[in-house]
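Residues per chain are reported as follows:
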Amino acid sequence: MSERVVVTGGAGFIGSHLCETLLAQGASVICVDNLLTGAEENVAHLRANPAFEFVRQDVTLEIRIDGPIDAVLHFASPASPIDYLEFPIQTLKVGSLGTHKALGLAKARKARFLQASTSEVYGDPLVHPQTEEYWGNVNPVGPRGVYDEAKRFAEAMTMAYHRAHQVDTKIVRIFNTYGPRMRLRDGRALPNFFTQALRGEPITVYGDGSQTRSFCYVSDLVDGILRLLRSGEHDPINIGNPDEVTILQFAREVIALTGSRSEIQFHPLPTDDPKVRQPDIRRARERLGWEPRIPRAEGLRRTLEYFRERMKRA
Ligand code: UDP
């Protein structure tokens, strides 16, 4: 019998790619989403598949699913800085109450559990690149605190269920990820830069653009997550592409790729914006045999195709 997997946030950017890959590998998938920041359109192409089920539920209230479950992947959460500014309480609730409900479901069904965590647990990091041993530098009362602290709480809750209830848990710390199905108005650097470049509008670089990020193509991330799910690991594992770039350089790459005439316009840096970010992926390499495969130039080309097509429809 095939695996039956619950993906919370399954209609989101990363969640929808997980649902798709799990189905392709022969699993049955129950996608749970309240569509706060997810979109039914992201999973519309999966609905004809009898192994796929979409359930509209707010996981902070309850997760009601009948039948056996082999794994629960908790990916529900707003994930863009502008989203957690708009939905601060929902962000805190899905990381805390939602994680509790998802863990409760996994415990009751003796299912494996995988928590989507984030490089934001490292805050504005004082250790570079970030190893999993680093405890982070997070401002709990700043605007990003609602996301960072909810995810830190989620990690603590996950480890507590593992230690106290022997749930087979895993924690993935996801670094900046990009690819098709990012929302056009998601507010993050890549969707902003692509939509601005394609419309010939100014490219909004925050601060002086010297802050760095390391961007991972979504198929590499999904590969890492599914290896982790099938591993015996319980410690947090960074999954991201260590190829680090300044935001200014990234903006220039988008302009060059799109052939846009857009100019770069500098705007104030958001509060608590991390100055550097690069995953140390030694643990993923050693314990999962995982390595990112898609270079940024290739990933950006694939993503551009999506943005071109999506903007035509919008
Ligand atoms: N950023 C930018 N212009 C934008 C959107 C974001 O310069 O229009 C910057 C942002 O300040 C940050 C980096 O790009 O330094 C990555 O931001 P994003 O929101 O994509 O992700 P995160 O800050 O969560 O890594």
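Below: a short report on this structure. This is a predicted model, so every value here is computed, not measured.

In this section: the overall build of the chain. Counting its regular elements, the chain contains 9 helices and 13 strands. Against the globule reference of 20 Å for 314 residues, the chain gives a C-alpha radius of gyration of 19 Å, in line with a compact fold. Expressed as lengths along the three principal axes of its C-alpha atoms, the size of the chain is roughly 55 × 45 × 40 Å. Within the chain, contacts between residues at least 6 apart in sequence are counted, and of these 80% link residues at least 24 apart. Here the chain carries 40 positive and 39 negative side-chain charges, and the mean point of each set is 3 Å from the other.

Right, let's talk about the pairing of strand β2 (residues 28-33) for a bit. The element β2 is extensively covered by neighbouring structure, given that 5 of its 6 residues are classed as buried. Pairing analysis gives 5 bridges linking strand β1 (residues 4-8) to β2, with the strands arranged parallel. Paired with Val7 across the two strands is Cys31, which belongs to β2. Chirality of the crossover, the property in question, places the unit of β1, helix α1 (residues 13-24) and β2 among those that are right-handed.

A few words now on the site of the ligand. Neighbouring the ligand are 18 residues, the closest being Thr204, Tyr206, Arg213, Asp273 and Arg277. Contact distances for the ligand include 2.7 Å between an oxygen atom and a backbone N or O atom of Tyr206. Contacts to the ligand include Arg277, whose side-chain N or O atom sits 2.7 Å from an oxygen atom. The protein chains hide 96% of the 510 Å² of surface that the ligand would expose on its own. For the shell around the ligand, the secondary-structure elements that each account for two or more residues are α5 (189-199) and β8 (203-206). Residue composition of the shell around the ligand, by class: 7 nonpolar, 5 polar and 6 charged.

Before going further, it helps to spend a moment on the side chain of Ser214. Within the secondary structure layout, Ser214 lies in strand β9 (residues 212-214). Look at Ser214 and you get buried, because its relative accessible area is 1%. At a separation of 2.8 Å, a polar atom in the side chain of Ser214 contacts the main-chain carbonyl oxygen of Arg277. With residues up to four places along the chain from it excluded, the contact list for Ser214 reads Asn176, Asn241, Pro242, Asp243, Glu244, Arg277, Gln278 and Pro279.

Time to look at the sheet that holds β1. Spatial strand order, β3-β2-β1-β4-β5-β6-β11: 7 strands in an open sheet with parallel pairing. Each having just a single partner strand, β3 (52-56) and β11 (236-239) make up the two edges of the open sheet. With direction set aside, neighbouring strand axes in the sheet form an average angle of 20°. Two strands pair when backbone bridges link them, and β2 and β3 are joined in this way by 5 bridges, in the parallel orientation. Bridge assignment links Asp33 to a residue of β3, and that residue is Arg56.

Packing of helix α7 (residues 247-258) against helix α9 (residues 296-313) brings their axes to within 11 Å, and their N-to-C directions diverge by 60°. Taken together, the axes of α7 and α9 lie oblique to each other. As for the relative orientation of α7 and α9, their crossing is right-handed in sense. Across from Phe250, Glu253, Leu257 and Thr258 in α7, the residues of α9 making contact are Arg296, Leu300, Arg301, Leu304 and Arg308.

On inspection of all chains with the given rule, the structure shows 9 aromatic pairs. Aromatic pair Tyr84 and Tyr147: ring centres 4.4 Å apart, planes at 5°, arrangement stacked. On the criterion of sequence distance, the pair formed by Tyr84 in helix α2 (residues 81-86) and Tyr147 in helix α4 (residues 145-165) is long-range, its members being 63 residues apart. Residues Tyr84 and Tyr147 agree in their burial class; the two are buried. Measuring from ring centre to ring centre gives 6.1 Å for Phe193 and Phe250, while their planes differ by 45°; the resulting arrangement is tilted. In this pair, Phe193 sits in helix α5 while Phe250 sits in helix α7, placing the two residues 57 residues apart along the sequence. One aromatic cluster is present, built from ring pairs that chain together Tyr178, Phe193, Phe215, Tyr217 and Phe250.

Let us now look at the nonpolar core. Across soluble globular proteins, nonpolar side chains have a tendency to be buried as a group. By size, the foremost hydrophobic cluster in this structure holds 61 residues, and its most contacted members are Phe52, Leu73, Phe75 and Ile225. Of the residues forming this core, the biggest block, 7 residues, is contributed by helix α6 (residues 218-229). Residues contacting Phe75, with those up to four places away along its chain left out, are Thr8, Gly9, Ile14, Leu18, Leu114, Ala116, Val172, Ile174 and Ile225. Counting 20 residues, the second largest nonpolar core, distinct from the first, contains Val32, Ile69, Val72 and Met157.

The residue after His128, namely Pro129, is reached through a cis peptide bond having omega -10°. Structurally, Pro129 is set in the loop between β5 (112-118) and α4. Phi angles above zero are rare outside glycine, and Leu35 is one such case at about 65°. The backbone of Asp272 shows a phi angle near 65°, a positive value even though the residue is not glycine. Under the relative-accessibility criterion, Asp272 is labelled partly exposed at 31%.

Parameters at a glance
- Residues numbered from 1 in each chain as written.
- Predicted model: local features only at pLDDT ≥ 70, side-chain atom pairs only at ≥ 80, totals over all residues.
- Heavy atoms only, no water.
- Helix = DSSP H or I, 4+ residues; strand = E, 2+ residues; numbered from the N terminus.
- Rg over C-alpha atoms; globule rule 2.2 N^0.38 Å.
- Contact = heavy atoms within 4.5 Å.
- Lys, Arg positive; Asp, Glu negative; His and termini not counted.
- Charge placed at Lys NZ, Arg CZ, Asp CG, Glu CD.
- Buried < 20%, exposed > 50% of the residue type's maximum accessible area, 1.4 Å probe, protein only.
- Pairing = 2+ DSSP bridges.
- Right-handed = clockwise from strand over helix to strand, strands pointing away.
- Near = heavy atom within 4 Å.
- Polar contact = N/O pair within 3.5 Å; in protein donor to acceptor, adjacent residues only side chain to side chain.
- Areas by Shrake-Rupley, 256 points an atom, 1.4 Å probe, with all protein chains shown as cover.
- Nonpolar A, V, L, I, M, F, W, Y, C, P; charged D, E, K, R; others polar.
- Axes fitted to C-alpha atoms, helices over the stretch in contact; angles between N-to-C directions.
- Parallel < 35°, antiparallel > 145°, perpendicular 65-115°, else oblique.
- Left-handed = near helix turned anticlockwise from the far one by under 90°.
- Phe/Tyr/Trp six-rings, centres within 6.5 Å; stacked < 30°, edge-to-face > 60°.
- Core = buried A, V, L, I, M, F, W, Y, C linked by side-chain atoms within 4.5 Å.

Scope: geometric values only; no functional claims are made or implied.
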